[in-house]
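Structural description and commentary
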Amino acid sequence: MELQVDRASIDRCRESAAAIVAPVEEFIAGHSTVSVERAVLRLLGVDGVGPDEIPLPNLIVDSISAHERRAGVALPFGKALAETGLDPAALGEAIGAGQYRLADFSATPDAAAIGALRPHVEAALAHIRGRREERRSMLGRLPQLPPPLLYVIVASGNIYEDRTAAVAASEAGAQVIAVIRSTGQSLLDFVPFGPTTEGFGGTYATQANFRIMRAALDEVSEKLGRYVMLTNYASGLCMPEIATMAAIERLDMLLNDSMYGILFRDINMKRTFVDQHFSRMLNAYSGIIINTGEDNYLTTADAVEQAPAVLASQFINEEFAHRAGMPDEQIGLGDAYEINPDLTDGFLYQLAQAQLARQIFPNAPLKYMPPTKHMTGDIFKGHLIDALFNLTSVMTGQTIHLCGMLTEAIHTPFLGDRVLSIENARYIMNTARHFGDEIVFRPGGVIERRAQDVLAGCEVLLERVASMGLMHAIDAALFADVKRSPDGGRGFDGVFERGENYYNPFEDALRSSTVRSARDDKVTA
Amino acid sequence: MSTLVKPYGDTMNDGKVQLSFTLPVEWSEAADEAARQLVAKMGFGDVQVVEGRRIADGFSFFVVYAATPQSIDVESIKAPSARSHAMSMEEVDSFVSERIGRKIRIAGACIGTDAHTVGIDAILNMKGYKGDYGLERYHMFETHNLGSQIAVEDLVRFAKDRGIDALLASQVVTQKGSDIKNFTELAELLEAEGLRDRVVLICGGPRVTNLMASELGYDAGFGRGTLPSEVAAFVAVTLADRAKAQTREKVTGRPGV
């Protein structure tokens, strides 16, 4: 089932994407953010909260003057490590308790700081490698069912209720569990601490919550004899920190989009670009598959019109991810089944778009999102639309399949809704498992022409963005009809230019280890 | 005259309903019977558990058909609609220029922590919804879409500073009653600031009904499927009616409204 599309056009799209991302990468290389620096502290082992529940990483980074932070937090923190002889966790607590200030150690030479940091940097990276190895070995011992991997969300607000729901969903056939975050979290400039039992529209992403869910899924994985993956959301103001926590707690996937926060959460674009880069370097190192958020273009605007923008965003996300050292096998590019069900031949267009993405990104674990925009209180019709979505997914070989819920428009899923949804997907994907291998598209037919049109539209859009520059293009509302200015939006005050003496001990180590063993620990057995 | 009705299965007044639910018990024949008795305790008769099965460790799912002995007098039910002023965009624009004589200043936001702007965007964004243009496209509306996660304090301050005529508050997330809480806070704050009578206050969202809106002290509530022109017409007609009433009462001191 192969579409005839213009290979040269695909190559030109990739060239445009490279031209779009290259100048942004220059900007990224010259800047850091408060969240990157807080991630450095978290990687070193700083955790916990100080007075007024302020997380210690925030407290420490905020204690450095705007001038001094241009060197990064690692050097002043390393100096304090060298002078106090404490380990990073204990030093963090001591600073939180007001026993020390980083400024007290400014006279200590940089070399002493770097020396004091080194064993902790190595230990952190060894820990992350260990968790990655653990995943690889579990996947070998507890192989997953073949893709599309059935992915469901839990979102009660209470991590312990989520745990019950996640285990039940796994037993019903779910292969990936996502804990949806509380709606406000993407705009918090800190990561909440400890297990949480209250949230709205979801459950806070905290390291303790990650650990609770990981333990529950490991247990059910052993019981079922197949590994159940865990995912959460990095996009927002704390991408690098959430990537850190995910690496430490062995999450398997993370939502991580290079532009989602800018367009859909009004987070400053410079902040997002810098943050996504460091977080993706960490994701690459920890073997975490990123999921990008192209589905959002379709929920806010017409899915037929936006198809070229979705593809353009996929090319840009791919380029950003490659530049952060991610191999294709870890780049879960997003798309969604959002065409209006009343449109004649809408199913054909969905098929065209899904197959086009599959052919353009053959090694990427594509993430396919279910219908949401046109779901209503008519759960019976919703279940049918989900069935066609499931058919499209299995026909076109999508990898990560977000199960659509018949109650999508009504509430966060009930336990029973999730099971009905998984049963729907299992039925369709089993009964039509090899359908895609058995049919061919009519050359020059509706499906093929649609795919060609989408690709052509994408090429034009990418050329325009390349000629304008990405930041200007976003400012001119070329993506999702949303206009964002380079210095507007949330979190801009947390972006700063790196001084000549900027030091981030993890960055160099991560950069030198890219695209290593990803092919060894492919997700699917 | 009362018209009592019952659910219709295939015969008038058979009262047939379908239910489905999950019980937190391992499936067994006793679980099926428990489901049947539970539905009987709800007051239903002729209860048939047509499907009962294990869906996870310690959870079972049931599909049940039953007959209700209850009936309802539809004629006695009141649920006034706010969607009754049918006008096109052009008609609204000319209505506003004739009857109000200036642009209507309208602001909308997803309030509280809700980040789902799909509803408010459908009403306000130029593009609109289902081919019905959004309020940004209307000549006689000055439209401010404040976006997502707007604190009610900020929305009220904005309304005050900009002399807003109509406020649209949207809530998609309804978990644990967060929508009701936020809507209530907004209405109360407007009241406390002495602005309530100056604005047309509207709430919207997939679970909003006009009845619920009036219980919360709103002028109107718009639920799923609402078109931008329906909201525009309601705002225009309401403001024009208020202006007329005030002229009649010779109320002065509030130019323009």
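Along each chain, residue indices are assigned from 1 in the same order as the chain's sequence is written. The naming scheme follows written order: chains are lettered A onward, ligands numbered 1 onward. Only residues with pLDDT of 70 or above have their local features reported here, since the model is predicted, and side-chain atom pairs are shown and tallied only from 80 upward, although totals for entire chains, interfaces and linings are computed over all residues.

A look at the sheet that holds strand β10 (residues 400–402) of chain A
Residues and elements named next belong to chain A. So the rule is basically this: Strand pairing is defined by DSSP finding a minimum of two bridges between the two strands. Under the DSSP-based scheme used, a helix requires at least four consecutive residues in state H or I and a strand at least two consecutive residues in state E, with every element numbered from the N terminus. In this description, a residue-residue contact is defined by the distance between C-beta atoms placed from the backbone, which must lie within 7 Å. Simply put, an axis is a line fit to the C-alpha atoms, just over the touching stretch for a helix, and the angle between two N-to-C directions goes from 0 to 180 degrees.
Read across the open sheet, the nine strands follow the order β7-β6-β5-β4-β3-β2-β10-β9-β8; overall the sheet is parallel. Either end of the sheet is taken by a strand with one partner, and the two such strands are β7 (331–332) and β8 (334–336). Sheet topology places strand β2 (residues 149–154) next to β10; three bridges connect them, and they run parallel. Bridge pairing links Tyr-151 to Leu-402 in β10. Relative to the sheet, helix α8 (residues 207–224) contacts β3 (176–179) and β4 (229–233), its axis offset from that of β4 by approximately 160 degrees.

A short note on the packing of helix α2 (residues 89–99) of chain B against helix α7 (residues 228–248) of chain B
Residues and elements named next belong to chain B. Short version of the rule: Should an angle lie under 35 degrees it is considered roughly parallel, over 145 roughly antiparallel, and from 65 to 115 roughly perpendicular; all remaining angles are considered oblique. By definition, any crossing whose near helix is turned counterclockwise from its far helix by less than a right angle is left-handed, and any crossing with a clockwise turn is right-handed. Residues were grouped as follows: Ala, Val, Leu, Ile, Met, Phe, Trp, Tyr, Cys and Pro as nonpolar; Asp, Glu, Lys and Arg as charged; and all remaining residues, including Gly, as polar.
Between α2 and α7, the shortest axis-to-axis distance is 10 Å and the interhelical angle comes to 15 degrees. Accordingly, the angle class assigned to the pair α2 and α7 is roughly parallel. Crossing of α2 against α7: the hand is left-handed. Where α2 abuts α7, its residues Met-89, Val-92, Phe-95, Val-96 and Arg-99 lie against Ser-229, Ala-232, Ala-233, Ala-236 and Ala-240. Its residues assigned to classes, the contact of α2 with α7 comprises eight nonpolar, one polar and one charged.

What about the nonpolar core?
Spelled out, the test is: We define the nonpolar core as any set of buried residues of the types Ala, Val, Leu, Ile, Met, Phe, Trp, Tyr and Cys, connected via C-beta atoms lying within 7 Å of each other. Think of it as a crowd count around each C-beta: if 20 or more other C-beta atoms lie within 10 Å the residue is buried, if 12 or fewer it is exposed, and in between it is partly exposed, with C-beta placed from the backbone throughout.
Residues Ile-60, Ile-177, Ile-242 and Leu-254 of chain A are the most contacted members of the largest nonpolar core, which totals 181 residues. Take this core: its biggest share by element is ten residues, from helix α13 (residues 303–323) of chain A. Not counting the four nearest positions on each side in its chain, Leu-254 of chain A is found in contact with Thr-231, Asn-232, Ala-234, Ile-242, Ala-243, Ala-246, Asn-283, Ile-288, Ile-290 and Asn-291 of chain A. Judged by nonpolar contacts, the second largest core, of 50 residues, contains Val-96, Ile-104, Leu-135 and Leu-190 of chain B.

Looking at the domain arrangement of chain B
Buried accessible area, meaning the area lost when the parts come together, often serves as the stated size of an interface. The line we're drawing: Residue ranges labeled as domains rest on an automatic or database domain assignment.
One can read the domain layout of chain B as domain 1 (4–73) and domain 2 (89–248). Put simply, the middle of domain 1 of chain B and the middle of domain 2 of chain B, counted by C-alpha atoms, are 41 Å apart.

Some thoughts on unusual backbone geometry
Most peptide bonds take the trans configuration, and most residues that are not glycine carry a negative phi. The omega torsion across Pro-147 of chain A and Pro-148 of chain A is -5 degrees, close enough to zero to call that bond cis. The backbone of Asp-345 of chain A shows a phi angle near 70 degrees, a positive value even though the residue is not glycine.

Some remarks on the sheet that holds strand β10 (residues 220–222) of chain B
Residues and elements named next belong to chain B. Ordered in space as β7-β6-β8-β9-β10, the five strands form an open sheet in which the pairing is parallel. Edge positions in the sheet fall to β7 (141–145) and β10, since each has one partner strand and no second. Direction aside, neighbouring strands of the sheet carry axes that sit 20 degrees apart on average. Running over the sheet, helix α4 (residues 152–162) touches β6 (104–110) and β8 (166–170) and is turned about 170 degrees from β6.

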